[in-house]
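An overview of the molecular structure
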Amino acid sequence: MTPAMPRLRTRYYFDTVTLSNFALSDRLGLLVRRYGKRLHITHEVLAEISAGAVGGYPSLLNVEALAFRGVFTMASPMTSRRERTLFRTFLQTIDPGEASCLACASVRGGIIATDDRAAREICRSQGIHVTGTIGILKTCCDDGALRLDEADRILDSMVSQGYRSPVARISDLE
């Protein structure tokens, strides 16, 4: 059974890899325009972003800046028993950033933005809506926010920064 489609005001919990793809290709503005405050960042994801910045990717600091300025929403800490239990369960197979996004979306409601295969499988088994880098770029084209050639250039930039894309071109998805 497929879960009902999300409402326009739905929260989107972005994991580190998906945020990194847009940050490293200098395309965070696309996420700002599309999601704004609906884009939620967990504390665990923010810690991973900080570690990436310290590890040699200073453009990730732009994610922190947008969160601290209130452009993106910092998710409140996981304090409910249900969230903590799910978080620990998910940690058995995925990293803390993805696990926190899944726990929050499961309990609070929302969509996960992740490219992590294991996290996507958990989303499917738990009935949690999921999108990722390719889905976001494709939807931006469908909505007219990007032309297909622009999306292809952005994807090329992401791949040159290390993204292992499952497709070569967004325009091939038409």
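To be clear, the structure that these remarks concern was listed above.
**Observations regarding the overall build of the protein**
Each helix and strand counted, the protein has nine helices and five strands in total. Its helices and strands in sequence order give the protein the pattern β-α-α-β-α-α-β-α-α-β-α-β-α-α, from N to C terminus. A principal-axis box enclosing the C-alpha atoms of the protein has dimensions of 45 × 40 × 30 Å. When the 174 residues of the protein are sorted by exposure, 45% land in the buried category. Across the protein, the fraction of contacts at a sequence separation of at least 24, relative to all contacts at a separation of at least 6, is 62%. Of the accessible surface of the protein, which amounts to about 9100 Å², a share of 51% is contributed by carbon and sulfur atoms.

**Digging into the nonpolar core**
Counting 52 residues, the largest nonpolar core has F14, L19, L31, I41, L102 and L137 as the members making the most contacts within it. By residue number, the principal contributor to this core is helix α6 (residues 96–108), which donates six residues.

**Concerning helix α5 (residues 81–90)**
Where α5 is concerned, the buried positions are E83, L86, F87 and F90. One side of α5 carries all its buried residues, which in axial view fall inside an arc of 105°. Those residues of α5 that are buried lie in contact with α3 (43–54), α6 and α7 (117–126).

**Some words on the packing of α5 against α6**
Packing of α5 against α6 leaves a shortest axis separation of 8 Å and a crossing angle of 140°. It follows that α5 is oblique to α6 by the angle criterion. When you trace α5 past α6, the crossing you get is right-handed. Of the residues in α6, those in contact with R82, E83, L86, F87 and F90 of α5 are P96, A99, S100, L102, A103, C104, S106, V107 and R108.

**As for the side chain of T42**
Its location among the elements puts T42 in the loop between β2 (39–41) and α3. Leave out the neighbours within four places in its chain, and T42 touches Y13, M74, A75, G97, S100, C101 and C104.

**Focus on the pattern of salt bridges**
With the rule as written, the count across this model stands at eight salt bridges. A salt bridge links R34 to D143, with the shortest nitrogen-to-oxygen separation between them at 2.8 Å. Placement of the pair is R34 in helix α2 (residues 28–34) and D143 in the loop between α8 (133–142) and α9 (148–160), with a sequence separation of 109 residues. Residue classification places R34 among the partly exposed residues on the basis of a relative accessible area of 25%. Between D172 and R169 there is a salt bridge, and its shortest N-O distance comes to 3.5 Å.

Analysis parameters
- Residues numbered from 1 in each chain as written.
- Predicted model: local features only at pLDDT ≥ 70, side-chain atom pairs only at ≥ 80, totals over all residues.
- Heavy atoms only, no water.
- Helix = DSSP H or I, 4+ residues; strand = E, 2+ residues; numbered from the N terminus.
- Buried < 20%, exposed > 50% of the residue type's maximum accessible area, 1.4 Å probe, protein only.
- Contact = heavy atoms within 4.5 Å.
- Areas by Shrake-Rupley, 256 points an atom, 1.4 Å probe, with all protein chains shown as cover.
- Core = buried A, V, L, I, M, F, W, Y, C linked by side-chain atoms within 4.5 Å.
- Arc of directions from axis to C-beta.
- Axes fitted to C-alpha atoms, helices over the stretch in contact; angles between N-to-C directions.
- Parallel < 35°, antiparallel > 145°, perpendicular 65-115°, else oblique.
- Left-handed = near helix turned anticlockwise from the far one by under 90°.
- Salt bridge = Lys/Arg side-chain N within 4 Å of Asp/Glu carboxyl O.

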